[in-house]
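Summary of structural features
Residue-level listing of the chains:
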2 protein chains.
Amino acid sequence: MAHINEEFLKLQKNYLFADIAKKVNAYKTAHPDKKVISLGIGDVTQPLAPAVIEAMHKAVDDMATKEHFHGYGPEQGYLWLREAIVKNDYEARGISLDPCEVFVNDGAKSDTGNIGDLLSQDNTMAVTDPIYPVYIDSNVMGGRAGVFENGRWSNVTYMSCGEENKFVPQIPDHRVDMVYLCYPNNPTGMVITKEELKKWVDYALAHNAIIFYDAAYEAYIQDSDIPHSIYEIPNAKKVAIEFHSYSKTAGFTGIRCGYTIIPKELTATTKDGKCIEVAQLWDRRQCTKFNGTSYISQRAAEAIYSPEGKKQIKQTIDYYMENARIIRESLTELGLTVYGGKNAPYLWVKTPADAPSWKFFENMLNGAQVVCTPGVGFGLAGEGFIRITSFGDRNDCIEAMARIKKWLKK
Amino acid sequence: MAHINEEFLKLQKNYLFADIAKKVNAYKTAHPDKKVISLGIGDVTQPLAPAVIEAMHKAVDDMATKEHFHGYGPEQGYLWLREAIVKNDYEARGISLDPCEVFVNDGAKSDTGNIGDLLSQDNTMAVTDPIYPVYIDSNVMGGRAGVFENGRWSNVTYMSCGEENKFVPQIPDHRVDMVYLCYPNNPTGMVITKEELKKWVDYALAHNAIIFYDAAYEAYIQDSDIPHSIYEIPNAKKVAIEFHSYSKTAGFTGIRCGYTIIPKELTATTKDGKCIEVAQLWDRRQCTKFNGTSYISQRAAEAIYSPEGKKQIKQTIDYYMENARIIRESLTELGLTVYGGKNAPYLWVKTPADAPSWKFFENMLNGAQVVCTPGVGFGLAGEGFIRITSFGDRNDCIEAMARIKKWLKK
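Residues numbered from 1 in each chain as written. Chains lettered and ligands numbered in written order. Predicted model: local features only at pLDDT ≥ 70, side-chain atom pairs only at ≥ 80, totals over all residues. Heavy atoms only, no water.

Residue and element names in this part refer to chain A. UniProt marks Tyr15, Gly42, Lys109, Tyr132, Asn186, Asn291 and Arg387 with the feature "binding site: substrate" (unreviewed entry), using the numbering shown here. For the annotated residues, spread through 373 residues, the largest C-alpha to C-alpha distance comes to 35.4 Å, inconsistent with a single compact locus. Note on placement: Tyr132 falls in the loop between strand S3 (125-129) and helix H6 (133-141). In this structure, Asn186 sits in the loop between strand S7 (178-182) and helix H7 (194-207). A polar atom in the side chain of Asn186 sits 2.7 Å from the side chain of Arg387. (UniProt positions renumbered as here; feature names shortened; annotations may be inferred. Helix = DSSP H or I, 4+ residues; strand = E, 2+ residues; numbered from the N terminus. Polar contact = N/O pair within 3.5 Å; in protein donor to acceptor, adjacent residues only side chain to side chain.)

Here you go:
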């Protein structure tokens, strides 16, 4: 009698984006004449950079000849890509890394989800609230979350981020083993200063905790004093794993490539206190359960580090950030309180008159045919907020703002 | 103090192909003038089919325009690919499947490795010996293997496959919860008849066990009475998960695409005996820890089901199978005993005079500059055998055979 992993049964049934899709589809069916604009889901819409397209065509051609054919690549990614990552994303910021500390992947979701494989089931964890649901759900599957009661997991420390603390999570007053941080933040669009981030590194050093630092949106940072990498903080290599994705940096949501940094200095211990290099464990995990990401996607990633590639992906990011500016200014003008959207593609908007997130979502869908993401879907502390993304088309953004204006003025 | 998953420390240090690479590199460094031919590692060498190349160029072009751009795809794979799989790989063989039972992946290694996420740590398991190491190592990481003693894991039932039983694994005389079967087999190149496979399905039905059926090499089957899918056996949908990969079918080792079938009828139970649909758990797992495989790779996979695609991938398979014939006949002529290579790209060769696998490997490397894979690397029952693959270049195959002939005649 094969038994299932019963931790899966604890997972909460409803998935945020599936629920949204259901409601939006129901609306569309009932109102086939209305054009719905989505500022909800976090997927990009602009085509890939010409340098990336060119590199992929070339890579496809490689696969057509025996001389340039590429079969299995290294599970950790091709060295030419790992070197380009070190040079452009780290050395250019004064951070030294060995390419062996870079693990190319098929997107940050896989690695943030699978990293728990390496860690003991009884580690304790802390997350910000609101939060990207994968961090928690993957730990529920791994048996670390405890029991779900009143909207929260019993073994998880939640660090509320709201207006009362300017969205700066308070460091727990007790020891936790694993901390998930995402900056620029999904969903709030807020960033962390070096000073605040240093407090986390110090906390982790003091408690031998591991920080899982999701930097998927770092390419959107505009202010020069905001850290792009946690390794800008001294000694962070001893305590932090950093996740990067090209999904938002370069529109790779459909072609799947990113990378994870696990510094050699990062260790965790056995129950007996023996220090073990985490990178080594991850290397073994990947060699056993992963066969590398597509050669074509890796060539695509390499191309974004070329001079033309850099220029082109910046243009697309500027395009999205101009959307963010338009949304931020339009909603602010309408009297709404808007956070984020300055160094991140996400805007975190307080619902007027403290309306519950889902209520406001439905009202805006019905009243303006504009889709957002209810903030409470990211955690209890997200109640009373909605998330708006700037990944849409410019004209859709402008039209959505006009519609919201008309609707709110009614 | 973050603790590691100590199961990882139980993993045996040396990885077969890394060891081989080390020895081959040492030989090359010492003998820079000698050309070494590898018939060892299981990677393809021939370029992708023209229909696949064309489809990928088209898919790349899609990503260059806003109208045809593809962002996140469904985690389970695009419906057009899932439908093509059902139609061509199943309905054509009289097996009905719902596209919802098909999960597109980035290769069979990920799914055979990750499937254990769904299952309780205390399930018991059986594997053939020899075996593809991922099946065991992923279960070591998952805490299911027990203690490693005398070359075997204490909680694993090993079913020896050797000359004494014509490489047909004997069904355990006790209950196990999980059974790994791979046919056509890696490494032995042997196949299973419908009659033998039915015994396994009956066993699994009787014990509510799950069969993990790795069909990665099914495209190499030549004999019409050998099953391509375990679902050719009545009631197998109740007990079997089937893994497919385009890696060997169509040379996709570098572009990463395959699929896993989890029929809706397949259930496992909670400790209390409640039946749970496994496909549902896998769906949740994939939605949490995976973001789909590259759009370009999925379009590539779709192309192999076109009339031209089918013709072209058959040509490449015929090419490899002609290599297999040449190797089989050459080695047989030299008096060696050769198994496999008739319905599979692998040949399993008995070492002369019962030489240990690694000894023969080294002798052949030194004497003929030909690399094979020592059979013992796949398990104790592989001792005294080597694995030879037919994925090489025709001329290399022919030259390797000439060299082996010269060397053995010395």
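Still to come is the rest of the account.
Residue and element names in this part refer to chain A. Strands sit in the order S13-S14-S17-S16 across an open sheet of four strands; the sheet is antiparallel. Each end of this open sheet is capped by a strand with a single partner; those strands are strand S13 (338-340) and strand S16 (373-374). Strand direction decides the pairing type here: S13 and strand S14 (residues 346-350), joined by three bridges, are antiparallel. Paired with Gly340 across the bridge in S14 is Leu347. Helix H12 (residues 357-368) rests against S16 and strand S17 (385-389) of the sheet, and its axis sits at about 50° to S17. (Pairing = 2+ DSSP bridges. Contact = heavy atoms within 4.5 Å. Axes fitted to C-alpha atoms, helices over the stretch in contact; angles between N-to-C directions.)

So, about the UniProt feature "binding site: pyridoxal 5'-phosphate" (unreviewed entry) in chain A. Residue and element names in this part refer to chain A. In the numbering used here, UniProt assigns the "binding site: pyridoxal 5'-phosphate" (unreviewed entry) feature to Tyr72, Ala108, Lys109, Tyr132, Asn186, Tyr217, Ser245, Tyr246, Ser247, Arg256 and Asn291. These annotated residues cover 220 residues of sequence, and their C-alpha atoms sit far apart, with the largest distance between any two at 34.0 Å. Apart from the residues within four sequence positions on either side, Tyr132 is in contact with Lys109 and Asn186. Here Tyr246 shows up in helix H8 (residues 246-249). Using a relative accessible area of 2% as the deciding quantity, one classes Tyr246 as buried. If we ignore the near neighbours within four places in the chain, the residues touching Tyr246 are Leu81, Ile85, Gly251, Phe252, Cys257, Gly258, Tyr259, Ala301, Ile304 and Tyr305. (Buried < 20%, exposed > 50% of the residue type's maximum accessible area, 1.4 Å probe, protein only.)

Residues and elements named next belong to chain B. Inspection of the entire model under this criterion finds 52 aromatic pairs over all chains. The interplanar angle of 55° and the centroid separation of 4.9 Å between the aromatic rings of Phe148 and Trp153 together place this pair among those described as tilted. With a relative accessible area of 6%, Trp153 lands in the buried category. Both rings, one in Trp200 and one in Tyr203, keep their centres 5.8 Å apart while their planes meet at 80°; by these two values the pair is edge-to-face. In this pair, Trp200 and Tyr203 are both assigned in helix H7 (residues 194-207), three residues apart and thus about one turn of the helix distant. Note on accessibility: Trp200 and Tyr203 belong to one class, buried. (Phe/Tyr/Trp six-rings, centres within 6.5 Å; stacked < 30°, edge-to-face > 60°.)

All names here are of chain B. Along the polypeptide, Pro99 turns up in the loop between helix H4 (79-90) and strand S2 (102-105). Considered as a pair, Pro99 and Gln76 are 23 residues apart in the sequence and their alpha carbons are 9.8 Å apart. With near-sequence residues (within four places) excluded, Pro99 lies in contact with Leu79, Arg82, Glu83 and Val86.

Before going further, it helps to examine the packing of helix H9 (residues 278-289) of chain A against helix H6 (residues 133-141) of chain B. Two elements in contact, H9(A) and H6(B), have axes separated by 9 Å at closest approach and are oriented at 140°. Between H9(A) and H6(B), the interaxial angle falls into the category oblique. Between H9(A) and H6(B) the crossing geometry is left-handed. For the pair H9(A) and H6(B), the contacting residues are A:Arg284, A:Arg285, A:Thr288 and A:Lys289 in the first and B:Val134, B:Asp137, B:Ser138 and B:Met141 in the second. Of the residues in the contact of H9(A) with H6(B), the class split is two nonpolar, two polar and four charged. (Parallel < 35°, antiparallel > 145°, perpendicular 65-115°, else oblique. Left-handed = near helix turned anticlockwise from the far one by under 90°. Nonpolar A, V, L, I, M, F, W, Y, C, P; charged D, E, K, R; others polar.)

In this structure, A:Met56, A:Tyr246, A:Phe252, B:Met56, B:Tyr246 and B:Phe252 are the most contacted members of the largest nonpolar core, which totals 207 residues. Discounting residues that sit within four places of it in the chain, A:Phe252 has contacts with A:Leu48, A:Val52, A:Tyr246, A:Ser247, A:Cys257, A:Ser297, A:Ala300, A:Ala301 and A:Ile304. With 72 residues, the next largest nonpolar core counts A:Ile131, A:Tyr132, A:Phe243 and B:Leu281 among its residues. (Core = buried A, V, L, I, M, F, W, Y, C linked by side-chain atoms within 4.5 Å.)

Under the 1.5 Å per step criterion, the end-to-end length of H4(B) is 15 Å for 12 residues, consistent within 8% with the ideal 16 Å. Buried residues of H4(B): B:Leu81, B:Arg82, B:Ala84, B:Ile85, B:Val86, B:Asn88, B:Asp89 and B:Tyr90, and no others. (Expected span 1.5 Å × (residues − 1).)

The next thing to look at is the interface of chain B and chain A. In this complex, chain B contributes 79 residues to the contact, which on the side of chain A involves 79 residues. For the pair chain B and chain A, the summed buried surface comes to about 7100 Å²; carbon and sulfur atoms form 57% of the total. Considering only the surface of chain B that becomes buried against chain A, B:Met1, B:Tyr72 and B:Arg284 emerge as the three largest contributors, covering 11% of it. On inspection of chain B and its partner chain A, the count reaches six salt bridges. Between A:Arg284 and B:Asp137 there is a salt bridge, with the nearest N and O atoms lying 3.3 Å from each other. Sorting the residues of the side of chain B that touches chain A by element identifies helix H1 (7-10), helix H3 (50-62), helix H5 (108-114), H6, helix H8 (246-249), strand S11 (267-269), helix H9 (278-289) and helix H10 (295-303) of chain B as the ones contributing at least two each. (Buried area = accessible area lost by both parts, 1.4 Å probe. Salt bridge = Lys/Arg side-chain N within 4 Å of Asp/Glu carboxyl O.)

Moving on: the relation of the copies chain B and chain A. The transformation that overlays chain B on chain A combines an axial shift of 0.0 Å with a rotation of 180°, and the residual RMSD is 0.0 Å. The transformation just described matches what one would write down for a two-fold rotation axis. Of the C-alpha atoms belonging to chain B, the one lying closest to the rotation axis is found on B:His57, 3.0 Å away. By residue overlap, the copies meet face to face through one surface: 100% of the interface positions of chain B are interface positions in chain A. (Least-squares fit on C-alpha atoms with pLDDT ≥ 70 in both.)

All right, on to the pattern of salt bridges then. For the structure on display, the rule yields 46 salt bridges over all chains. With a closest N to O distance of 2.6 Å, B:Lys66 and A:Asp393 form a salt bridge. Of the two residues, B:Lys66 sits in the loop between H3 and H4 while A:Asp393 sits in the loop between S17 and helix H13 (394-409), which places them in two different chains. In this structure B:Lys66 comes out as partly exposed when scored by relative accessible area, which is 39%. Among the ionic pairs, B:Arg299 bridges to B:Glu302, the shortest N-O distance being 2.9 Å.

Here we take up the pairing of strand S6 (residues 156-160) of chain A. All names here are of chain A. In terms of burial, S6 is a largely internal element, four of the five residues being buried. Both S3 and S6 contribute to a ladder of five bridges, which runs parallel. Within S6, the residue paired with Thr128 across the bridge is Met159.

All names here are of chain A. The domain architecture assigned to chain A consists of domain 1 (12-47 + 310-409) and domain 2 (52-307). The junction of domain 1 with domain 2 conceals about 2800 Å² of combined surface from both sides, 60% of it contributed by carbon and sulfur atoms. Of all residues in domain 1, Lys310, Asn343 and Phe378 give up the largest surface area on contact with domain 2, accounting jointly for 24% of the area buried on that side. The tally of links between domain 1 and domain 2 comes to 16 residue pairs in polar contact (both at pLDDT 80 or more). Breaking the side of domain 1 that touches domain 2 down by element, the ones donating at least two residues are helix H11 (307-333), S13, S14 and S17. Here the side of domain 1 that touches domain 2 gets six residues from one element, more than from any other, and that element is H11. (Domains from an automatic or database assignment.)

Quick look at the packing of helix H2 (residues 16-30) of chain B against helix H12 (residues 357-368) of chain B now. Any two packed helices are characterised by how steeply their axes cross, that is the angle between the axes, and by the distance between the axes. Residue and element names in this part refer to chain B. Interaxial distance between H2 and H12 falls to 11 Å at its minimum, and their mutual angle equals 30°. The element H2 and its partner H12 pack so that their crossing is right-handed. Across the interface between the two elements, Leu16, Asp19, Ile20, Lys23, Val24 and Tyr27 of H2 pack against Trp358, Phe361, Glu362, Leu365 and Asn366 of H12. Looking at side-chain class alone, the contact of H2 with H12 contains seven nonpolar, one polar and three charged residues.

Apart from glycine, the bulk of residues carry a negative phi angle, and the bulk of peptide bonds sit in the trans form. All names here are of chain A. Going from Asp129 to Pro130, the amide bond is cis rather than trans, its omega being 5°. Mapped onto the fold, Pro130 is located in the loop between S3 and H6. The omega angle of the peptide bond from Asn186 to Pro187 is 20°, so this bond is cis rather than trans. Counting through the fold element by element, Pro187 comes out in the loop between S7 and H7. Non-glycine residue Arg256 carries a positive phi angle of around 65°. With respect to the helices and strands, the residue Arg256 is situated in the loop between H8 and strand S10 (258-261). We classify Arg256 as buried; its relative accessible area is 3%. The backbone of Asp354 shows a phi angle near 55°, a positive value even though the residue is not glycine. Tracing the backbone shows Asp354 in the loop between S14 and H12.

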